[in-house]
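Now for the letters of each chain:
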Amino acid sequence: MSQRPALRFPSDFVWGAATAAYQIEGAVAEDGRRPSVWDRYSHTEGKVANGDNGDIACDHYHRVEADVQLMADLGLQTYRFSIAWPRVIPDGRTRANQAGLAWYHRLIDLLLEHGITPCPTLFHWDLPEGLEEIGGFRNRDTVSWFADYAALMAQEFGDRVTMWSTFNEPWCYAYLGHGSGAHAPGLRDPKAAVTVAHHQLLAHGLAVQAMRSERDGLALGIVINPSNIVSEGVEADEAEIRMIDGIHNRWWFDATLTGAYPADVIERYGELADAVQPGDVETIAQPLDWMGINYYFDILVQQAADRGLHMPEYPAVVGTEPSPMRAVHTDMGWPITPAGFTELLVRLRDDYPNLPPIYITENGAAYDDPVVDGRCHDERRIDYLDLHLRALLDAIEEGVDVRGYYQWSLLDNFEWALGYDKRFGIVHVDFDTLERTPRDSALWYRDVIARGGLPEHSD
Ligand code: IFM
């Protein structure tokens, strides 16, 4: 048994939890919401495990009051959620939907009444299907429709909501959505994937400009999901590892913080990156007030048996494939690599001298521990969170400016192509009755927040 000492975070550090619209709200159309790409994708046979979809999800739309009360009971100081673009502008570009806006006003009011700071994300993958029909983010026009949407959100909610992010994990929407096809809209087209990678960043830059012209005093950021790319002693080509790092990590940080895409990636992409036009990266590199980092695990890769193999999520990378699952992993099959969390944050600080303050906008683990007699003992999730918070504190002690932490996720929810089987919630959701049961991890997290740090821990 080793003792881990109690650890305190800085006194102004903020604690929260995160969700996303399509994963929890329910796709209710009663307020005029129109479908998103995820409605279409999840209703296409064979795309999502068990044929699951987000039609009801956690029915947060109808249970918002009780859910905010639950957040307050856990002592959350801030709540990260996303706004469903097709709820507030159903076709994505012409008419604002007053009923949809009213629902978010209510959510924000409820949060503020409970002393919880709202932190909305504008795009967490649920693109209005009407826009997809005219090319989605492959269509450069979508970039300005996104900026219009962002301006409307600043106008509508910016009097009470300061902290905003434009995009969540744009790598996923680009490469899972258009490279491997494992996510909506489900394309397998490398050029489309790279175009979408670029257009999302351009939309981010224009949105930041549009929101700032709408209002002063907003704190604007973007949420990226960087990972260390490691081969851990197995054979792998260093140049390909560096290329994966370029596509997964440097593309996003270089463009937003240095105003240039990584030259090695641009060179390898060649005409795949034709969508990048002169002046675009300057637009992308708007000064940011903060950056969100979602961290779950280090990506382990090895030399592929087939040396000509292409990874669809990393177009232009050849002969490399994911390493086999480790013995200890979460229900997602993801390895548990807390030291990588510290390493990654220190690297970002070192590589980007103008890195703005960081918020950890997602971190968490999927485990399927059952509810028995009203309790759910999810020790493995507590252990995961504890290890990662300790790793985060190590990064803070090494001088990385981290201001807050959002646990993923408040509720079990629709885990995209994996449906409802993968449970990330600190609160269990029974998807038959929609009953919420805080797991042991929720009670543990409540105490972490109240204490401003971690308890002593034995293992
Ligand atoms: O559920 C997702 C979330 O939508 C984006 N980040 C990763 C989470 C877990 O896979």
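These lines cover the structure that appears in this document, whether it is placed above or below.

### Quick look at the overall build of the chain
Check the secondary structure of the chain and you find 15 helices and 17 strands. Rg of the C-alpha trace for the chain: 21 Å, near the compact-globule value of 23 Å for 459 residues, within the 12% margin. On the principal axes, the C-alpha backbone points of the chain span a range of 55 × 55 × 45 Å. For the chain, buried positions account for 63% of its 459 residues. Counted over contacts in the chain with a minimum sequence separation of 6, partners at least 24 positions apart contribute 76%. Of the accessible surface of the chain, which amounts to about 16,500 Å², a share of 49% is contributed by carbon and sulfur atoms. When the 37 positive and 71 negative side-chain charges of the chain are each reduced to one mean point, those points stand 1 Å apart.

### Focus on the sheet that holds strand 11 (residues 320-322)
Taking strand neighbours across the sheet as the criterion, the 3 strands line up as 8-10-11 in an open arrangement whose pairing is mixed. Single-partner strands in this sheet number two, and they are strand 8 (229-230) and strand 11. Pairing analysis gives 3 bridges linking strand 10 (residues 299-303) to strand 11, with the strands arranged antiparallel. Within the sheet, the bridge partner assigned to Gln 303 lies in strand 11 and is Thr 320.

### Points about the side chain of Thr 320
Structurally, the position occupied by Thr 320 is in strand 11. On the basis of relative accessibility, which here comes to 1%, the residue Thr 320 falls in the buried class. Filtering out sequence-adjacent residues up to four positions away, Thr 320 remains in contact with Glu 240, Ile 244, Val 301, Gln 302, Ala 304, Leu 309 and Met 311.

### Here's the deal with the site of the ligand
The environment of the ligand is made up of Gln 23, His 124, Trp 125, Asn 168, Glu 169, Tyr 296, Trp 334, Glu 362, Trp 408, Glu 415, Trp 416 and Phe 424. Between the ligand and Trp 408, the relevant distance is 3.4 Å, taken from an oxygen atom to a side-chain nitrogen or oxygen of the residue. Glu 415 is positioned with one of its side-chain polar atoms (N or O) 2.6 Å from an oxygen atom of the ligand. Look at the ligand: alone it shows 280 Å² of surface, and the protein chains cover 95% of it.

### Structural notes on helix 13 (residues 338-351)
Note that an α-helix has 3.6 residues per turn; residues three or four places apart therefore point the same way. In this model helix 13 runs 20 Å from its N-terminal to its C-terminal C-alpha over 14 residues, within 8% of the 20 Å that 1.5 Å per residue would give. Along helix 13, the positions that sit buried rather than exposed are Pro 338, Gly 340, Phe 341, Thr 342, Leu 344, Leu 345, Val 346 and Leu 348.

### Structural notes on the pairing of strand 10
Along strand 10, 5 of the 5 residues are buried, which leaves the element largely enclosed by surrounding structure. As judged from the 2 bridges shared by strand 8 and strand 10, these two strands associate in the parallel manner. If you follow Val 230 over to strand 10, its bridge partner there is Leu 300.

### Let's talk about the packing of helix 14 (residues 379-397) against helix 15 (residues 440-451)
In the contact formed by helix 14 and helix 15, the axes pass within 9 Å of each other and the chain directions differ by 30°. Between helix 14 and helix 15, the crossing angle belongs to the class labelled roughly parallel. Facing Arg 381, Ile 382, Leu 385, Asp 386 and Leu 389 of helix 14, the residues of helix 15 in contact are Asp 440, Ser 441, Trp 444 and Val 448. For the contact of helix 14 with helix 15, the per-class residue count stands at 5 nonpolar, 1 polar and 3 charged.

### A look at the pairing of strand 6 (residues 163-168)
Of all the 6 residues making up strand 6, 6 are buried; the element is thus mostly covered by neighbouring parts of the structure. In the sheet, strand 5 (residues 117-123) pairs with strand 6 via 2 bridges, with the strands oriented parallel. What sits directly across from Phe 123, in strand 6, is Phe 167. The pairing of strand 6 with strand 7 (residues 219-224) spans 4 bridges and is parallel. In the sheet register, Asn 168 faces strand 7, and the bridge partner there is Val 223.

### Looking at the packing of helix 5 (residues 98-113) against helix 7 (residues 141-157)
Orientation of helix 5 relative to helix 7, taken along the N-to-C sense of each, is 50°, at an axis distance of 11 Å. Comparing the axis directions of helix 5 and helix 7 gives the class oblique. When the axes of helix 5 and helix 7 are compared, the crossing they make is right-handed. Facing Leu 101, Tyr 104, His 105 and Ile 108 of helix 5, the residues of helix 7 in contact are Met 153, Glu 156 and Phe 157. Residue classes in the contact of helix 5 with helix 7 are distributed as 5 nonpolar, 1 polar and 1 charged.

### Overview of the environment of Ile 244
For Ile 244, the location among the structural elements is in helix 10 (residues 238-258). In this structure, the C-alpha to C-alpha distance between Ile 244 and Ile 396, residues 152 residues apart in sequence, is 27 Å. If we ignore the near neighbours within four places in the chain, the residues touching Ile 244 are Ile 229, Asn 249, Val 301, Met 311, Tyr 314, Val 317 and Thr 320.

### With respect to the pattern of salt bridges
Using the criterion set out here, one finds 32 salt bridges in the structure. Note that Arg 390 is salt-bridged to Asp 386, the shortest N-O span being 2.6 Å. Here Arg 390 and its partner Asp 386 are both found in helix 14, 4 residues apart, which amounts to about one turn of the helix. Note on accessibility: Arg 390 and Asp 386 belong to one class, buried. For Asp 412, the salt bridge goes to Arg 439, with nearest N and O atoms at 2.8 Å. One end of the pair, Asp 412, is in the loop between strand 13 (402-408) and strand 14 (427-429); the other, Arg 439, is in the loop between strand 15 (436-438) and helix 15, and 27 residues separate them in sequence. Of the two residues, Asp 412 and Arg 439, neither departs from the other in class, the shared state being buried. A cluster of three or more residues bridged by salt bridges with shared partners is formed by Arg 242, Asp 245, Arg 250, Asp 264, Arg 347 and Asp 351.

Cut-off values and rules
- Residues numbered from 1 in each chain as written.
- Predicted model: local features only at pLDDT ≥ 70, side-chain atom pairs only at ≥ 80, totals over all residues.
- Heavy atoms only, no water.
- Helix = DSSP H or I, 4+ residues; strand = E, 2+ residues; numbered from the N terminus.
- Rg over C-alpha atoms; globule rule 2.2 N^0.38 Å.
- Buried < 20%, exposed > 50% of the residue type's maximum accessible area, 1.4 Å probe, protein only.
- Contact = heavy atoms within 4.5 Å.
- Areas by Shrake-Rupley, 256 points an atom, 1.4 Å probe, with all protein chains shown as cover.
- Lys, Arg positive; Asp, Glu negative; His and termini not counted.
- Charge placed at Lys NZ, Arg CZ, Asp CG, Glu CD.
- Pairing = 2+ DSSP bridges.
- Near = heavy atom within 4 Å.
- Polar contact = N/O pair within 3.5 Å; in protein donor to acceptor, adjacent residues only side chain to side chain.
- Expected span 1.5 Å × (residues − 1).
- Axes fitted to C-alpha atoms, helices over the stretch in contact; angles between N-to-C directions.
- Parallel < 35°, antiparallel > 145°, perpendicular 65-115°, else oblique.
- Nonpolar A, V, L, I, M, F, W, Y, C, P; charged D, E, K, R; others polar.
- Left-handed = near helix turned anticlockwise from the far one by under 90°.
- Salt bridge = Lys/Arg side-chain N within 4 Å of Asp/Glu carboxyl O.

Scope: geometric values only; no functional claims are made or implied.
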